[in-house]
Amino acid sequence: MPTPHNSAEKGQFAKTVLMPGDPLRAKFIAETFLENPVLVNNVRGVQGYTGTWKGKPVSVMASIGIYSYELFTEYDVENIIRIGSAGAYQPELKLFDVILADAAYSDSSFAREQCGNTSDTIKPSAELNEKIKKAAANLGMKITEGLIHSSDVFYREKNVTYLPKVMNELHCLAVEMESFALFSNANVLGKNAACLLTVSDSFVSPEITTAEQRQTAFTDMMKIALDAAIAD
């Protein structure tokens, strides 16, 4: 049954959904990689598509927080793989490098307010991460695995000091904005979630990708996620 945020009917989403933050990236993935993609949701312009990849059903849909919860609870989705962009914290990470989160650190209140979880670190599904690592190895693509910083804040005032902790004390690889909420939803509901990221910019160098590159050029991450989505 449709929700206030999703017009799809039950059964129109595959068991595994890839979730970028950008609706245009979802559209690009569906039109570029999926066979016979069907638009199953466009409420608020948050496109959701279902098609097949190598003959097996896969869905792709933008956004994370509300939508991942509804996919898990209302549409019988079992696995969600976030495929997002991130700002590198460590100098060894370069533009277009792919990161796999083995945990998400955050000072967000999301988990505490949602379910009473006061931990500042939440882990993804170990099983789903293994499928992602195997898919990357089979494709001959390098991924860097480690802790990521999942932040609610994009623009911070100059008097707020946070980088020494996340970069030097915690050794977070990069920062993004969605995985902590996704992992919390999955843990609460007994589902599987993972987070793949592509480096789009850096806190330790002036490199940065364009908006078009963030939409269409993160293809290594997309291919890894697609193969992981159909892995047994």
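Keep in mind that this is a model prediction, so the values were computed, not measured. (Residues numbered from 1 in each chain as written. Predicted model: local features only at pLDDT ≥ 70, side-chain atom pairs only at ≥ 80, totals over all residues. Heavy atoms only, no water.)

A look at the packing of aromatic side chains
Move 1: What the rule picks out here adds up to six aromatic pairs.
Move 2: Residues Phe28 and Phe33 carry aromatic rings whose centres are separated by 6.4 Å and whose planes lie at 85 degrees to one another, so their mutual orientation is edge-to-face. Residues Phe28 and Phe33 agree in their burial class; the two are buried.
Move 3: Ring centres 6.0 Å apart and planes at 75 degrees place the aromatic pair Phe96 and Phe218 in the edge-to-face group. Of this pair, Phe96 sits in the loop between β5 (79-88) and β6 (98-105) while Phe218 is found in the loop between α7 (211-216) and α8 (219-229), placing the two residues 122 residues apart along the sequence.
Move 4: An aromatic cluster is present here, built from Phe28, Phe33 and Trp53 joined pairwise through their rings. (Phe/Tyr/Trp six-rings, centres within 6.5 Å; stacked < 30°, edge-to-face > 60°. Buried < 20%, exposed > 50% of the residue type's maximum accessible area, 1.4 Å probe, protein only. Helix = DSSP H or I, 4+ residues; strand = E, 2+ residues; numbered from the N terminus.)

Notes on the nonpolar core
Move 1: Counting residues in hydrophobic clusters, the biggest one holds 66 residues, and the most contacted among them are Phe13, Leu18, Leu71, Leu196 and Ile224.
Move 2: Residue contributions to this core peak at seven residues, all from α8.
Move 3: Apart from residues lying up to four places away in sequence, Leu71 is in contact with Asn6, Phe13, Val17, Met19, Met61, Asp76, Val77 and Ile80.
Move 4: Counting eight residues, the second largest nonpolar core, distinct from the first, contains Tyr89, Leu147, Met167 and Val175. (Core = buried A, V, L, I, M, F, W, Y, C linked by side-chain atoms within 4.5 Å. Contact = heavy atoms within 4.5 Å.)

A short note on the environment of Glu169
Move 1: Tracing the sequence through the fold places Glu169 in helix α5 (residues 163-169).
Move 2: With relative accessibility at 61%, the residue Glu169 sits in the exposed group.
Move 3: For the pair Glu169 and Phe13, spaced 156 residues apart in sequence, the C-alpha separation works out to 41 Å.

Some thoughts on the pattern of salt bridges
Move 1: Following the criterion strictly, the structure yields nine salt bridges and no others.
Move 2: A salt bridge links Lys10 to Asp76, with the nearest nitrogen and oxygen atoms 3.7 Å apart. Taken as a pair, Lys10 in the segment before β1 (16-19) and Asp76 in the loop between α2 (65-74) and β5 lie far apart in primary sequence, 66 residues in all.
Move 3: By relative accessible area, Lys10 is classed as partly exposed at 48%.
Move 4: Among the residues examined, Asp76 registers a relative accessible area of 33% and is labelled partly exposed.
Move 5: Across the pair Lys191 and Glu78 runs a salt bridge whose closest N-O atoms are separated by 3.0 Å. Of this pair, Lys191 sits in the loop between α6 (179-189) and β10 (192-202) while Glu78 sits in the loop between α2 and β5, and the two are 113 residues apart along the sequence.
Move 6: We classify Lys191 as buried; its relative accessible area is 17%.
Move 7: By sharing partners, the salt bridges in this structure join Glu130, Lys133 and Glu145 into a single network. (Salt bridge = Lys/Arg side-chain N within 4 Å of Asp/Glu carboxyl O.)

What to know about the side chain of Ser202
Move 1: Take Ser202: it is sitting in strand β10.
Move 2: Ser202 gets classed as buried once you look at its relative accessible area, which sits at 14%.
Move 3: A distance of 3.0 Å separates a polar atom in the side chain of Ser202 from the backbone nitrogen of Val204.
Move 4: At a separation of 3.2 Å, a polar atom in the side chain of Ser202 contacts the main-chain amide nitrogen of Ser205.
Move 5: Apart from residues lying up to four places away in sequence, Ser202 is in contact with Ala88 and Glu207. (Polar contact = N/O pair within 3.5 Å; in protein donor to acceptor, adjacent residues only side chain to side chain.)

A few points about the pairing of strand β4 (residues 56-61)
Move 1: In the sheet, β1 pairs with β4 via two bridges, with the strands oriented parallel. Each bridged residue has a counterpart across the sheet, and for Leu18 the counterpart in β4 is Val60.
Move 2: As paired strands, strand β3 (residues 48-53) and β4 are joined by six bridges and run antiparallel to one another. Across the sheet, residue Thr52 finds its bridge partner in β4, namely Pro57.
Move 3: Linking β3 to β4, which pair antiparallel, is a turn of two residues; within it Lys54 sits at a positive phi near 55 degrees. (Pairing = 2+ DSSP bridges.)

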